[in-house]
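Tertiary structure, described
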Amino acid sequence: MKWKEEFATGIAEIDRQHKTLFEASEDFREVLERGCSSGTYDGFLEFLVMYVETHFGYEEECMHAAQCPIACTNKKEHALFIKLVDKEVQFFQQRGLDIQRAFRLLDTLDSWLASHIVRIDVQLRVA
Ligand SMILES: [Fe+2]
Ligand SMILES: [Fe+2]
C-alpha cells in the first residue's frame, strides 16, 4: 500500500516512520509472492515488533506533549495492534511459516494502518 497525502500528520518524523512501514509491507508482499523462507518471515516479524515498539512509543509521546484529546484512544488501539503482532509471533514460533497466514497479516496491517492513521494519527495535525 502506498502512503498518501491524507495520511500526513504534520509531524515529519511520524510521517517518515509511517512511510517506512508502508514500504516494508509492500516489499514483504513482493517477497511472499515470490516464495518466502522461514528465515525471511522471521526477519519481517522481528522488524514489525521493533517498529511498533519505537513508532508507537514516539507517537504516543508526541500526542501526550501536544495534549491531543485522542491520545488515550491512540494508545488503546496501539496496544490491541501489539497483541495482534504478538499472536502472530507466537503462532510462527510454535507452528512455523504459514504463507496464507502471512498474507493475511499483511492485509490486516495495511487496512489497520490506513484506518488508524486517518481516524487517529492525523488528529496530531489539529492539536
Ligand atoms: Fe497511532
Ligand atoms: Fe502511527
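Note that the structure is a prediction, hence the values are computed from the model and not measured.

Before going further, it helps to spend a moment on unusual backbone geometry. The backbone of Gln67 shows a phi angle near 50 degrees, a positive value even though the residue is not glycine. Summarising the element assignment, Gln67 is placed in the loop between α2 (38-65) and α3 (71-95).

Counting residues in hydrophobic clusters, the biggest one holds seven residues: Phe28, Tyr41, Phe44, Leu48, Ala102, Leu105 and Leu109. Beyond its immediate sequence surroundings of up to four residues, Tyr41 is in contact with Cys36, Phe92, Leu97 and Ala102. Counting five residues, the second largest nonpolar core, distinct from the first, contains Ile14, Met63, Ala71 and Leu124.

To continue, consider the packing of helix α1 (residues 12-34) against helix α4 (residues 99-119). Close contact between α1 and α4 brings their axes to 11 Å; oriented N to C, the two are set at 155 degrees. For the element pair α1 / α4, the angle class is roughly antiparallel. Considering only the axes of α1 and α4, their crossing is left-handed. Across the interface between the two elements, His18, Leu21, Ser25, Phe28, Arg29 and Leu32 of α1 pack against Ile99, Ala102, Phe103, Leu106, Leu109, Asp110, Leu113 and Ile117 of α4. For the contact of α1 with α4, the residue count by class is ten nonpolar, two polar and two charged.

With that settled, consider the environment of Gly35. Inspection of the secondary structure assignment puts Gly35 in the loop between α1 and α2. Judged by the 8 C-beta atoms lying within 10 Å of it, Gly35 falls in the exposed class. Sequence spacing of Gly35 and Ile99 is 64 residues, and the spatial spacing of their C-alpha atoms is 8.6 Å.

Looking now at α3. The terminal C-alpha atoms of α3, which comprises 25 residues, lie 36 Å apart, in line with the 36 Å expected from a rise of 1.5 Å per residue. Those residues of α3 lying buried are Ala71, Asn74 and Glu88. Positioned one or two residues after α3, Gly96 has a phi angle of 85 degrees, which is positive.

What follows deals with α4. Given a rise of 1.5 Å per residue, 21 residues ought to cover 30 Å, and the 30 Å separating the end C-alpha atoms of α4 matches this to within 8%. Taken together, the buried positions of α4 are Ala102, Leu105, Leu109 and Ile117. Each buried residue of α4 sits inside an arc of 65 degrees when the element is viewed along its axis, so together they form one side. Away from the buried face of α4 by more than 90 degrees, exposed residues Gln100, Arg104, Ser111 and Ser115 are located.

Here we come to the packing of α1 against α2. Contact geometry of α1 with α2 gives a least axis separation of 11 Å together with a crossing angle of 165 degrees. Viewed along their axes, α1 and α2 adopt a mutual orientation that is roughly antiparallel. Of the two possible hands of crossing, α1 and α2 adopt the one that is left-handed. The residues of α2 that touch α1, namely those facing Ile14, Gln17, Leu21, Ala24, Phe28 and Val31, are Thr40, Phe44, Phe47, Tyr51, His55, Tyr58, Glu59 and Cys62. Class assignment for the residues of the contact of α1 with α2 results in ten nonpolar, three polar and one charged.

Reading guide: rules and limits
- Residues numbered from 1 in each chain as written.
- Chains lettered and ligands numbered in written order.
- Predicted model: local features only at pLDDT ≥ 70, side-chain atom pairs only at ≥ 80, totals over all residues.
- Helix = DSSP H or I, 4+ residues; strand = E, 2+ residues; numbered from the N terminus.
- Core = buried A, V, L, I, M, F, W, Y, C linked by C-beta atoms within 7 Å.
- Buried ≥ 20, exposed ≤ 12 C-beta atoms within 10 Å, placed from the backbone.
- Contact = placed C-beta atoms within 7 Å.
- Axes fitted to C-alpha atoms, helices over the stretch in contact; angles between N-to-C directions.
- Parallel < 35°, antiparallel > 145°, perpendicular 65-115°, else oblique.
- Left-handed = near helix turned anticlockwise from the far one by under 90°.
- Nonpolar A, V, L, I, M, F, W, Y, C, P; charged D, E, K, R; others polar.
- Expected span 1.5 Å × (residues − 1).
- Arc of directions from axis to C-beta.

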